[in-house]
Amino acid sequence: MQNYCLGIDVAKAKLDCALRLPDGKYRNKVVDNSPTGYATLRQWLVKHEATQAHVCMEATGVYWEASAEYLAAQDMIVSVINPAQIKSFGASRLVRTKTDRVDAQLIATFCFERRPDAWKAPAPAEQALRALVLRLDALQNMHTQEHNRHGVARDAVKAGIAKHLDWLDGEIKAVIALIRDHTNGDPDLKDKQALLDSIPGLGERTIAILLAFYADTERFTNARKAVAFAGLDPRQHESGSSVKGKPRMSKVGHTFLRKALYMPAMVTLYKTAWGKIFRERLSAAGKPPMLIIGAMMRKLVHVAFGVLKSGKTFNPKLHST
């Protein structure tokens, strides 16, 4: 077990670091969230003889990625934690103060007590694909916003909005082409794309998103963990004999993945043979429409993970009853 645990509270511009020493005391340091800051952090760890510390940080947007990659390259154990875990851990310890310094110490304490699994950096090709699909999503969101503004805009700004819409159209097409070229140019991604393409209901964009987050199936020990990563796992709420809440989607996971799987689930349920069988079976059991959609979103991750893990294309016979 590591005697030193380093908790990092990540922000866009800085990293608040708390080093838990073997005697239970803490040392704190704030560095820039940049290569220069990472080098400073490394020197600080050398000073405290903690170059083999177990590092923990929250998955805060994309701001954590560069620091996690740097520290992992220094042969440190790096764990990336769902922020909900840290929040619940703080509540269990009755932490009443929230500052960056306190959060960093809380993360270090969590690391020492729970010893979370090590994070594995995605392959460069997967990282690039993830950046592209997230960029495409951002551009499409901007396009929707500008399109909505254009309909009610005054003449003084309408031409500018139209010009921006034209630019966004061009950028969206360019990023789609980059995603296609990137996937086709990588033999491993291309093979996995063909596997996912065999699943009725998945389109080109959804396949690219699934590859961006699930191409390396070794990151998940089973399909349930892959589902939980997207926050699609069911959450039970029961207590005693009086509280029996309906199962709901936990949503403790990647929001972008859930959003991306909603329309593919709808298409699969109403436009594909295996999806119709799935929908009819749950409808006959009295399940409401929204629950069926959520169940299909979860099913798509299960099936996608299965074909990627096994290397075998979708088998409709397994889903025909």
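Since this is a predicted model, take the numbers as computed values, not measurements.

Q: Before we go on, may I ask you to explain the UniProt feature "domain: Transposase IS110-like N-terminal" (unreviewed entry) in the protein in this structure?
A: Those places that UniProt annotates as "domain: Transposase IS110-like N-terminal" (unreviewed entry) correspond, in this numbering, to residues 6-149. Overall, residues 6-149 shows 51% helix and 20% strand. The separation of its end C-alpha atoms is 46 Å.

Q: Explanation requested: the packing of aromatic side chains in the structure shown.
A: Any two aromatic rings considered together are summarised by their centre-to-centre distance and by the angle between their planes. Scanning the model with the defined rule gives 10 aromatic pairs in all. On the basis of an interplanar angle of 80° and a centroid distance of 6.1 Å, the ring pair of Tyr 214 and Phe 229 is categorised as edge-to-face. Note that Tyr 214 is positioned in helix 8 (residues 204-214) and Phe 229 in helix 9 (residues 223-229), a separation of 15 residues in sequence. Exposure remark for Phe 229: the relative accessible area of 25% places this residue in the partly exposed category. Sitting over the ring of Phe 229, Arg 219 keeps its end group 5.4 Å from the ring centre.

Q: Quick question: what am I supposed to make of the packing of helix 1 (residues 35-47) against helix 2 (residues 65-73) here?
A: Pairs of packed helices are described in terms of their axes, by the angle between the two and the distance that separates them. In the contact formed by helix 1 and helix 2, the axes pass within 10 Å of each other and the chain directions differ by 45°. Taken together, the axes of helix 1 and helix 2 lie oblique to each other. Here helix 1 runs over helix 2; the crossing is right-handed. In this structure, helix 1 contributes Tyr 38, Ala 39, Leu 41 and Arg 42 to the contact, and helix 2 contributes Ala 66, Ser 67, Tyr 70 and Leu 71.

Q: Sorry, what's going on with unusual backbone geometry here?
A: Note: most residues except glycine have negative phi, and most peptide bonds are trans. At Asp 75, a residue that is not glycine, the phi angle is positive and equals roughly 65°. Turning to its location among the elements, Asp 75 is positioned in the loop between helix 2 and strand 5 (77-81). With a relative accessible area of 62%, Asp 75 lands in the exposed category. The residue Leu 94 is not glycine, and still its phi comes out positive at about 55°. Here Leu 94 falls in the exposed class, since its relative accessible area comes to 58%.

Q: Just checking my understanding: could you explain the side chain of Glu 126 for this structure?
A: Within the fold, Glu 126 resides in helix 5 (residues 124-152). In this structure Glu 126 comes out as buried when scored by relative accessible area, which is 4%. Setting aside anything within four residues of it in sequence, one finds Glu 126 in contact with Leu 211, Ala 212, Phe 213, Tyr 214, Ala 215, Asp 216 and Arg 219.

Q: Teacher, can you tell me more about the nonpolar core here?
A: Most often, soluble globular proteins have nonpolar side chains that are buried together. Ranked by size, the top nonpolar core spans 52 residues in total, and within it Val 133, Ile 179, Leu 196, Ile 199 and Tyr 214 carry the most contacts. Breaking this core down by element, the ones donating at least two residues are helix 5, helix 6 (155-185), helix 7 (187-197), helix 8, helix 9, helix 10 (255-271), helix 11 (273-284) and helix 12 (289-310). Among the elements that take part in this core, helix 12 stands out by supplying 12 residues, more than any other. The residues touching Ile 199, leaving out its near neighbours within four places in the chain, are Trp 274, Val 303, Ala 304, Val 307 and Phe 314. The next biggest cluster of nonpolar side chains, apart from the first, holds 23 residues, and it includes Leu 6, Cys 17, Leu 19 and Tyr 38.

Q: Hey, could you run me through a positive patch on the surface in this one?
A: On the surface, a cluster of positive charge is made up of Arg 235, Lys 246, Arg 248 and Lys 251. Mapped onto the elements, Lys 251 comes out in the loop between strand 7 (243-249) and helix 10. Residue Lys 251 is classed as exposed on the basis of its relative accessible area, which comes to 55%.

Q: Got a minute to help me understand the packing of helix 6 against helix 7 in this structure?
A: Running from N to C, helix 6 and helix 7 cross one another at 105°; their axes reach a closest spacing of 5 Å. Judged by the inter-axis angle, helix 6 sits roughly perpendicular to helix 7. The residues of helix 7 that touch helix 6, namely those facing His 182, Thr 183, Asn 184 and Gly 185, are Pro 187, Leu 189, Lys 190 and Gln 193. Classifying every residue of the contact of helix 6 with helix 7 by side-chain character gives two nonpolar, five polar and one charged.

Q: In this structure, what is going on with the environment of His 150? I would like to understand it.
A: Here His 150 shows up in helix 5. When the C-alpha positions of His 150 and Ala 162 are compared, they lie 7.1 Å apart, and in sequence the two are 12 residues distant.

Calculation criteria
Residues numbered from 1 in each chain as written. Predicted model: local features only at pLDDT ≥ 70, side-chain atom pairs only at ≥ 80, totals over all residues. Heavy atoms only, no water. UniProt positions renumbered as here; feature names shortened; annotations may be inferred. Helix = DSSP H or I, 4+ residues; strand = E, 2+ residues; numbered from the N terminus. Phe/Tyr/Trp six-rings, centres within 6.5 Å; stacked < 30°, edge-to-face > 60°. Buried < 20%, exposed > 50% of the residue type's maximum accessible area, 1.4 Å probe, protein only. Lys NZ or Arg CZ within 6 Å of the ring centre and 35° of its normal. Axes fitted to C-alpha atoms, helices over the stretch in contact; angles between N-to-C directions. Parallel < 35°, antiparallel > 145°, perpendicular 65-115°, else oblique. Left-handed = near helix turned anticlockwise from the far one by under 90°. Contact = heavy atoms within 4.5 Å. Core = buried A, V, L, I, M, F, W, Y, C linked by side-chain atoms within 4.5 Å. Patch = residues over 30% accessible without salt bridge, like charges linked within 9 Å, V, L, I, M, F, W, Y side chains within 5 Å. Areas by Shrake-Rupley, 256 points an atom, 1.4 Å probe, with all protein chains shown as cover. Salt bridge = Lys/Arg side-chain N within 4 Å of Asp/Glu carboxyl O. Lys, Arg positive; Asp, Glu negative; His and termini not counted. Charge placed at Lys NZ, Arg CZ, Asp CG, Glu CD. Nonpolar A, V, L, I, M, F, W, Y, C, P; charged D, E, K, R; others polar.

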